Each structure stands twice: as structure tokens, then as C-alpha cells.
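# Close look at the chain arrangement
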Amino acid sequence: MSEPRRDPDALIARAGVRGNPDRDQHFLIDDRVLDRLPGYLESVHGAENGPHTDHLLEIGAGTGALTDRLLAAGERVTAVERDPGLASFLREEFAAEIDAGRLSVVEGDALDADLPEFSASVSNLPYGVSSEIAFRLLPEKRPLVLMFQREFADRMVAEPGTPEYGRLSVSAQHYANCEVVETVPKEAFSPPPAVESAVVRTTAREPDYEVGDEDFFLRFVKAIFTQRRKTIRNAIRNTAHISGLDDPDAVVAAADETLLSKRAGALAPTDFADLAALADDVGRGDG
Ligand SMILES: C[S@@+](CC[C@H](N)C(=O)[O-])C[C@H]1O[C@@H](n2cnc3c(N)ncnc32)[C@H](O)[C@@H]1O
């Protein structure tokens, strides 16, 4: 039997805060959701790889309700929090865990703070910067369990041919397999956000293709999706100024005809990777 964890409402009361939506502060108060979150790390990783709980990273620790669950699930936790008042509360509330070397509180902006090497991240993200944070974490190729706005989560996991599928889906799925493991109602938070939320679990992909220059790949995907109603042939030609291609015609001449006649929404992430690698090869100058 695991020990009862800190009560989320009591943490909010002890911190003496209300949660400021203008600062992306929506604290999770539903114990069942809080208790489930670390568990999502376990089910995807067999004994061989372990549940990756040696060093858990939490972005946006707030009053520490999730931090508390991560400390129960993992060996060590690093909690990043931008709000100085909350960071100082976390240092007081978790003084024993900090003294024991099990918790580090990093006070700062997760977008530019130095992040430690971590074995996995479980975070209820600040929604205003969730995309930037996700794309800071995804290239680290560690398992992630991240709470997003539902609409963002749906786009992240979307499959080709669906209305939600787009640049976000291709870029995220380039790094990892992404799945929604739970949707979370507004009432699970205090104060409640305007929209529903969803938890996405990502599992780093074994690279089964080469993309060459990764920055170019991401720029190419962005460029093609600005013309999602055009065929790939036309989109490649029309967006060279965004993708940075010097010779889009050479790419069109060398690419597979079936891909060229499709539209962006129908291409799988691996198709984008193949096209970007080809474009990198034949469509860019020597620089
Ligand atoms: C949605 S709340 C989650 C709080 C807590 N983890 C929970 O589940 O109750 C997001 C937290 O991220 C913090 N935050 C907002 N922007 C941040 C940033 N750029 N870097 C780090 N923390 C940030 C907010 O102060 C807030 O505490």
C-alpha cells in the first residue's frame, strides 16, 4: 500500500495562492488524475527499459501536488517553476526531500532555464507555452507524460487524412509515438481553465528513416503546411522562400509522382521525412 499523498487543496491553502490564469496557473486538484499521471510511464516500457523513473523532470510545479506524486514514483525529481512565490513555497514545503537530495527546485522560465538530463518528464504544462516546452523536451527522446489543452493534444496525435492533422502532428510524431491517454475535465483544476485538457504520452521513436538536417526538415514541414490545399508539387514550388530551398524544381523533378500529387494532409510523417531528405539533397545549394 502506498502512503497517502499531500492533499492538493491543502497545498494551495498552505501556499496562500489562488492561481492566476494570466500566468498559466491552473492547479490540479483531482487526486485520481494526480495519482494516475506517473503510472502512465510504466505501461509502455517493458522490464528491459524500466519505467524511467530515476530522474523525473516536472515543468511548472505550482504548489507541488504532482511533484509529491513524482517523488513517490521516482528516485529523484527536478521541478521547474517560474513564479518566485511558488518556487519559494516549494522549497519550504519540500525541505525534507530537498535535504535528502531527492528534489531540486529550479526557479526560472522553462523556455530558457538550464534543464538537467532526465529519464522522463511528467508535467501539467503552462498552456501558454506548451508548444515551445514540448518541442524543447521531445528532441531529448525521453518518455513524456504531458497535460495539454485538449485541442492541442488532438492535433499532436492526429493521423493523416483527419482535419486535425497538420504541422504539429508531423513535427511531434517525427520525434515520438504520441497518444492521448486521458482527457481531463475543467473541474479537475483550480481555477478551472476555459477548455478541456488531455494527457499525451510520448514514446521516442526508433529512427526508421534519415531526415538529414533536422532544422531543414522542420522548416520544410512548416512551409508545406502553409499551402495545405495545394498539391505537394505546387506547395514545394510556392514555399521555397519559407523552406529555404534554392532549387524547388529539382526537388519536384526527382520526387515520387504519387507523393507530388497528394496534399499535405495526406502525407505520413515518414513521407515528409523522405521528401525533406530528398529536398535537402537535390534542392539546396552547397551552403
Ligand atoms: C497548469 S499549472 C500546473 C501546476 C502544478 N504542476 C499542478 O499540476 O497543479 C502550470 C505552472 O507552470 C508555471 N509556469 C508558467 N509559465 C512557466 C514557464 N515559462 N516556466 C516554468 N513554469 C511556468 C505556473 O506558475 C504554474 O505553476
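Predicted model, so just to flag it, every value in this text is computed and none were measured. (Residues numbered from 1 in each chain as written. Predicted model: local features only at pLDDT ≥ 70, side-chain atom pairs only at ≥ 80, totals over all residues. Heavy atoms only, no water.)

## Some remarks on the packing of helix H8 (residues 167-175) against helix H9 (residues 214-225)
Which entries qualify depends on this criterion: Axis definition: a line fitted to C-alpha atoms, over the contacting stretch in the case of helices. Angles run 0 to 180 degrees between N-to-C directions. Put simply, DSSP H or I for four residues or longer makes a helix, DSSP E for two residues or longer makes a strand, and each gets a number counted from the N terminus. Any angle that falls under 35 degrees is termed roughly parallel, while one over 145 is termed roughly antiparallel, one within 65 to 115 roughly perpendicular, and all others oblique. Put simply, a crossing is left-handed when the front helix is turned counterclockwise from the back one by less than a right angle, and right-handed when it is turned clockwise. In this description, contact between two residues means that some pair of their heavy atoms is separated by no more than 4.5 Å.
Contact geometry for H8 and H9: axes closest at 9 Å, N-to-C directions at 155°. As far as their axial angle goes, H9 and H8 are roughly antiparallel. Judged by the sense of rotation from one axis to the other, the crossing of H8 with H9 is right-handed. Contacts from Arg167, Val170, Ser171, His174 and Tyr175 in H8 reach Glu214, Phe217, Leu218, Val221, Lys222 and Phe225 in H9.

## So, the packing of helix H7 (residues 150-157) against H8
Running from N to C, H7 and H8 cross one another at 65°; their axes reach a closest spacing of 6 Å. For the crossing formed where H7 meets H8, the hand is right-handed. Across from Phe152, Arg155, Met156 and Val157 in H7, the residues of H8 making contact are Leu168, Ser169, Ala172 and Gln173.

## Describing the nonpolar core
Here is the rule we go by: Take the buried residues of types Ala, Val, Leu, Ile, Met, Phe, Trp, Tyr and Cys, join any two whose side-chain atoms come within 4.5 Å, and each joined set is a nonpolar core. For the exposure calls, accessible area comes from a 1.4 Å probe over protein chains only, and a residue counts as buried if that area is under 20% of its type's maximum, exposed if over 50%, partly exposed in between.
Of all hydrophobic cores here, the largest spans 31 residues; its most connected members are Leu28, Leu37 and Met147. Broken down by secondary-structure element, the contributors of at least two residues to this core are helix H1 (8-15), helix H2 (31-39), helix H3 (65-73), strand S3 (76-81), helix H4 (84-93), strand S4 (103-107), strand S5 (120-124) and strand S6 (144-149). Tallying contributions element by element places H3 first for this core, with 4 residues. The contact partners of Leu28, leaving out residues within four places of it in the chain, are Pro8, Val33, Leu34, Leu37, Ala65, Asn124, Met147, Ala188 and Phe189. Listed in part, the 26 residues of the second largest apolar core include Ile232, Ile236, Leu259 and Ala264.

## Some words on H9
To keep it simple, the criterion reads: A helix is expected to reach a length of 1.5 Å times the quantity of its residues less one. The term polar contact refers here to a pair of N or O atoms within 3.5 Å; inside protein, the definition further demands a hydrogen-donor-capable atom paired with an acceptor-capable atom, and it admits residues adjacent in sequence only when both atoms are side-chain atoms.
Its 12 residues place the ends of H9 17 Å apart at the C-alpha level, agreeing with the 16 Å of an ideal helix rising 1.5 Å per residue. Structurally, the start of H9 carries an N-cap: the backbone nitrogen of Asp215 is 3.0 Å from a side-chain oxygen of Asp213.

## So, the site of the ligand
To be explicit about the condition: What makes a residue near a molecule or strand is one non-hydrogen atom of that residue sitting within 4 Å of it. Throughout, the Shrake-Rupley method with a 1.4 Å probe supplies accessible areas, and for residues the shown protein chains are the sole cover considered. Classes in brief: Ala, Val, Leu, Ile, Met, Phe, Trp, Tyr, Cys and Pro nonpolar; Asp, Glu, Lys and Arg charged; the others, Gly included, polar.
Taken together, 20 residues lie around the ligand, and Leu28, Gly60, Glu81, Ala110 and Asn124 are the ones closest in. For the ligand, an oxygen atom lies 2.8 Å from a polar atom in the backbone of Leu28. In isolation the ligand offers 590 Å² of accessible surface; the protein chains occlude 99% of this area. Per-class residue counts for the shell around the ligand are 7 nonpolar, 6 polar and 7 charged.

## A word on the pattern of salt bridges
Rules: Salt bridge, as used here: a side-chain nitrogen of Lys or Arg that lies within 4 Å of a carboxyl oxygen of Asp or Glu.
If you walk through the whole model with that rule in mind, you get 20 salt bridges. With a shortest N-O distance of 3.1 Å, Asp83 and Arg23 are connected by a salt bridge. A residue pair is termed long-range when its members are at least 10 positions apart, and Asp83 in the loop between S3 and H4 and Arg23 in the loop between H1 and strand S1 (27-28) qualify at 60 residues. Taking relative accessible area as the criterion, Asp83 reaches 12% and is therefore assigned buried. A salt bridge links Arg150 to Asp154; the shortest N-O distance between them is 3.5 Å. Taken together, the residues span about one helical turn, with Arg150 and Asp154 both in helix H7 at a distance of 4 residues.

## A word on the environment of Lys230
Its place among the elements puts Lys230 in the loop between H9 and helix H10 (232-238). With relative accessibility at 39%, the residue Lys230 sits in the partly exposed group. Once the C-alpha coordinates of Lys230 and Asp30 are considered, the two residues, 200 residues apart in sequence, prove to be 45 Å apart. With sequence-adjacent residues up to four places away left out, Lys230 is seen in contact with Ala235, Asn238, Lys262, Arg263 and Ala264.

## Topic: the domain arrangement of the chain
As a measure of interface size, the accessible area lost when the parts come together is often cited. The line we're drawing: For every domain, the bounds stem from an assignment made automatically or drawn from a database. In short, buried area is how much 1.4 Å probe accessible area vanishes from two parts on joining, totalled over both.
Per the domain assignment, the segments making up the chain are domain 1 (8-204) and domain 2 (214-282). Each of domain 1 and domain 2 has a C-alpha centre, and these two points are 33 Å apart. Taken together, the contact pairs 11 residues of domain 1 with 14 residues of domain 2. Summed over both partners, the interface of domain 1 with domain 2 comes to about 1,000 Å²; 64% of that surface belongs to carbon and sulfur atoms. Looking only at domain 1, the three residues that lose the most surface to domain 2 are Tyr165, Arg167 and Val170, adding up to 49% of its buried area. The tally of links from domain 1 across to domain 2 stands at 5 residue pairs in polar contact (both at pLDDT 80 or more). Residue classes in the side of domain 1 that touches domain 2 are distributed as 5 nonpolar, 5 polar and 1 charged.

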